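Report on the structure
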Amino acid sequence: MYSVEVDRKWQQKWADMKLAAFNPKRLDKKLYVLEMFSYPSSAKLHVGHWFNYAPPDSWARMQKMRGYEVFQPIGFDAFGLPAENYAIKTGIHPEDSTLKNIDTMTKQLKTLGGMFNWDALLATCDPDYYRWNQWLFLQLYKHGLAYRKNAPVNWCPDCQTVLANEQVMDDGTCERCHTEVTKKSLTQWFFKITAYADELLEKLPALDWPEKTKKIQTNWIGRSEGADAVFAVELNGAPVLDEEKNPLALSVFTTRIDTLYGVTYLVIAPESPLLPLLTSEAQRASVEAYAEKTKKASEIARLAATREKTGVFTGAYAIHPLTQEKLPLWTADYVIASYGTGVVMAVPAHDTRDFEFAHTMNLPIKPVIEPSSGVDEPLPFVEYGTLKDSGPYTGLSSEEAIAALTRDLEAEGLGRKVVSYRLRDWLVSRQRYWGTPIPIVYCDHCGTVPLPESALPLTLPYDVAFSPDGVSPLAKSETFMNTECPVCGGPARRDPDTLDTFVCSSWYQFRFVDSQNKEAPFDTAKVNAMCPVDMYVGGQEHAAMHLLYARFITKALRDMKMLDFDEPFQALVHQGMILGSDGQKMSKSAGNTVSPDELVSQYGGDIFRLHLLFSFAYTEGGNWTDDGLLAVSRFISRIETLVQKAVSSRKTAAVPDKDLAYRVNYTILHATEDALKFQFNTTVARLMELLNHLQKATANSDSITENTYEAILTLLVLLAPFAPHFAEEMWEVTGHTTSIFAEAWPVHDEKALIRDEVEIAVQINGQIKTRLMIPRDIEEADLIEQIKEQDAYANWLAGRQPVKWIFVRGRLLNIVAK
RNA sequence: GCUCGUGUGGCGGAAUCGGCAGACGCAUCGGACUUAAAAUCCGACGGAUUAAACUCCGUGCCGGUUCGAGUCCGGCCACGAGCACCA
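Being a predicted model, the structure only gives us computed values, none of them experimental. (Residues numbered from 1 in each chain as written. Chains lettered and ligands numbered in written order. Predicted model: local features only at pLDDT ≥ 70, side-chain atom pairs only at ≥ 80, totals over all residues. Heavy atoms only, no water.)

Here we take up the protein's contact with RNA strand B. Looking at RNA strand B, there are 53 residues lining it, with T255, R353, S615, R771 and N814 nearest. The sugar-phosphate portion of RNA strand B accounts for 61% of its atoms within 4 Å of the protein, the bases making up the rest. Contact distances for RNA strand B include 2.7 Å between a phosphate oxygen and a side-chain N or O atom of Y339. Note that a sugar or linking oxygen of RNA strand B is positioned 3.3 Å from one of the backbone N or O atoms of K769. Top contributing element to the surface near RNA strand B by residue count: helix α21 (residues 680–697), with eight residues. (Near = heavy atom within 4 Å. Polar contact = N/O pair within 3.5 Å; in protein donor to acceptor, adjacent residues only side chain to side chain. Helix = DSSP H or I, 4+ residues; strand = E, 2+ residues; numbered from the N terminus.)

Right, dumping it as structure tokens:
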């Protein structure tokens, strides 16, 4: 009887025989399979973990049997907010709870029986790991890819603390006290991911990733081509001067330079540093009040508001670069400082937002584009069309005008072609304790000083008060904060923040390859040989963040000559989500959780694994159901019965059996094809079909032919990746003394798949009339004769005449009748 | 609002390049075995009209292309996801 005891037996044997070990002598056949590592939460291993790990493990096992040298490591994404919040609530230190959770989760993961390379195990909260986060930070800093600037963070004035975006409710209030969250400026560290925006976009098509995920990244990067146009600015009739006393040139970004003659005003973002310069004394009070108001409202609150357009006149005027017309300059929060130049040229006739604003503020609206169709359209007309009232450009199409105006403005020094991105640089500072300390000190004499690599790791102090009171917990640890400047030896302060945990996960796939390295994050030659990851599996929720950051860091490391390839993950699959039986996300509060531990001890891990493989489409997921558990449980015991019967039966010589050969080879072909595509449910279905046949074939006899016996062994080999412990046990029962995973994966025989007779459908005008068994290679003419001889032939035609015969070999014959 | 995805029996889900819709399984019903039940095995199982179907209808809805459409095209509807004043 298959049970969890069988699991334990084989898990021990696999450990003893080092089944999961990677043999570096077979590098040419290497296959790096990786599932996204997990956060070691205090809750038990849940169905989602199993769904993430078990099916890809089956895939990896099959690939091993197909001759690949598989490397499948496992680790823990151990830094982060939950442990810290737990600590705030219970007083248990994040390090203590995390290490304990890692211990528990490791034990649980082992019950899964994954072919994991435990030797490569890593946890990101280990100083041996995060010292290399710090090392990475220093390299990025050295290469100008890490920099510090002032940026707004979510701030709760009541709790006096910084909040992560997830801690801000939909209505813009704090999740703890429901006070309205505001923005506060802090000087923070950024990684310059925007330097790679173009490459991140360009390398996307060649990746074997889900199209949807590529689309999400494309949108996230948000490349848009347009032009900058330069406007001079006047205040009280005199040109505005910049800091160097030169006339200020106000640059705007637009994708619709063809509407340049329709500009009736300009808008500058309230957060723009240029704003004070462009404000008249008369308007200063109201502009400052407006800017202040904008700062207070969080981004989310801005969205929640009914989006009524608000804004204030600055008192300044912009000069149209071509017509020299004076255009009022407004400030309004519908313009964002961080996109484009933070200033827009407003064309109310051809932009919905400008139209609304002009309407509210009673600003002029000047149409300069008419529909090419000649049909009148209501304003705002935002599509491409034909220019009117546009000086020398009148009559051109929008496309032509964009080219002409960009060229002409550039010639005059009044503009140029520009590409803008939605992607922002990656803010990596977190005002939190449980993370990687930033390896930088601030010295009064030397300024911002990176730690020398020899000073790493800069360890996270254990004894820290991490209660939330508005300051980074590390800032309150005087022993941590006070240090010496590595340059001048004078007193200096450390950075009180820690790094975003996405830094940890942006390069862990390389550390796995060389996880014990004490000299470097990894050995370049080893990583070049083992990477990129050949198959990466994890949730789609990481489409934009983790997967983009990891791609960026890979490119940055490549440019530092640390590795020689462009992309970290060549192929990617997202598993679906397993929901509760009620269709809701599994949660303790909903009372719809399923405990893998219990099911595994009750049924055995392979039953649980098979259920996940068989009852769900892997990339879709779905609602949990116990029903399928019974189905696969039955499947397993039927195989067990069959194997026992086969073993105890008298063997007789093989007799030619074309049907059996066809079925076996059909199963090999389709089970393999489907499993390679992560379509495990149909793989299992094909195995069930073969079992059904073998069971019937052996039902009424106490002897078994040699070829039927061989077919049963083939079924076991095909089943092995999907029910590994059980298949090993059956393999042993059939007298084998070596692991079933040492067997070669069967290859189908094309010849066996050719049948002598095939069933085809006979249709009249596409409607099925009957089905016929016919010789596979029948001549079309003979088939037509045969059909004409059918008794019902005249009835089918019902007085119509056949005008055409369409024969699709092996499938159907369709008679077109009129 | 924009973009993308999905929609197939009572249920989970199959269906190659446009070629027999519903594989495989669950549930249900009937039968065998049993004193009985469970387990197991055999059979039926989209709907309708039926004596029976090789009859008619049927892949969210409406239309189109085609000898032939779950699959391709156009237009809707519903659900889900991503982005969200991005100039």
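Aromatic rings in a pair are described by how distant their centres are and how their planes are angled relative to each other. Scanning the entire structure with this criterion turns up 42 aromatic pairs. Considering the side-chain rings of F51 and Y618, the 4.8 Å spacing of their centres and the 55 degrees angle between planes classify their relative orientation as tilted. Highlighted residues: F51 in helix α2 (residues 47–65) and Y618 in the loop between α18 (605–615) and β29 (621–623), separated in sequence by 567 residues. Overall, the relative accessible area of 4% leaves Y618 in the buried class. Note on W426 and Y549: the rings are 3.7 Å apart at their centroids and 5 degrees apart in plane angle, and the pair reads as stacked. With a gap of 123 residues between them, W426 in strand β18 (residues 426–427) and Y549 in helix α16 (residues 546–559) connect regions that are remote in the sequence. As far as the burial class goes, W426 and Y549 line up, both buried. (Phe/Tyr/Trp six-rings, centres within 6.5 Å; stacked < 30°, edge-to-face > 60°. Buried < 20%, exposed > 50% of the residue type's maximum accessible area, 1.4 Å probe, protein only.)

With that settled, the discussion passes to the sheet that holds strand β22 (residues 447–450). Across the sheet, which stays open at both edges, the four strands sit in the order β22-β21-β24-β23 with antiparallel pairing between neighbours. Either end of the sheet is taken by a strand with one partner, and the two such strands are β22 and β23 (482–484). Going from strand to strand, the sheet's axes swing by 40 degrees on average, the running direction of each strand aside. Pairing of strand β21 (residues 440–443) with β22 involves four bridges; the strand directions are antiparallel. What sits directly across from Y442, in β22, is T448. (Pairing = 2+ DSSP bridges. Axes fitted to C-alpha atoms, helices over the stretch in contact; angles between N-to-C directions.)

Let us look at the packing of helix α5 (residues 127–142) against α16. Between α5 and α16, the shortest axis-to-axis distance is 11 Å and the interhelical angle comes to 65 degrees. At the point where α5 passes α16, the crossing takes the left-handed sense. Note on element contacts: α16 touches α5 through I553, A556 and L557, opposite W135, L136 and L140. For the contact of α5 with α16, the class distribution of residues is six nonpolar, no polar and no charged. (Left-handed = near helix turned anticlockwise from the far one by under 90°. Contact = heavy atoms within 4.5 Å. Nonpolar A, V, L, I, M, F, W, Y, C, P; charged D, E, K, R; others polar.)

This brings us to the nonpolar core. Core analysis: the largest hydrophobic core is formed by 171 residues, its most contacted members being L557 and W624. Not counting the four nearest positions on each side in its chain, L557 is found in contact with W135, L136, F510, F522, M562 and L563. Among the nonpolar cores identified, the runner-up in size contains 47 residues, and I257, L260, A316 and L409 belong to it. (Core = buried A, V, L, I, M, F, W, Y, C linked by side-chain atoms within 4.5 Å.)

Okay, the pairing of strand β13 (residues 326–331) next. Here β13 lies mainly inside the structure; five of its six residues are buried. Looking at chain direction, strand β11 (residues 265–268) and β13 are connected through three bridges and run parallel. From the neighbouring strand, V267 faces β13, where its bridge partner is W330. Remark: six residues form the turn of the hairpin made by strand β12 (residues 312–319) and β13, two consecutive strands paired antiparallel; Q324 in that turn has positive phi of roughly 60 degrees.

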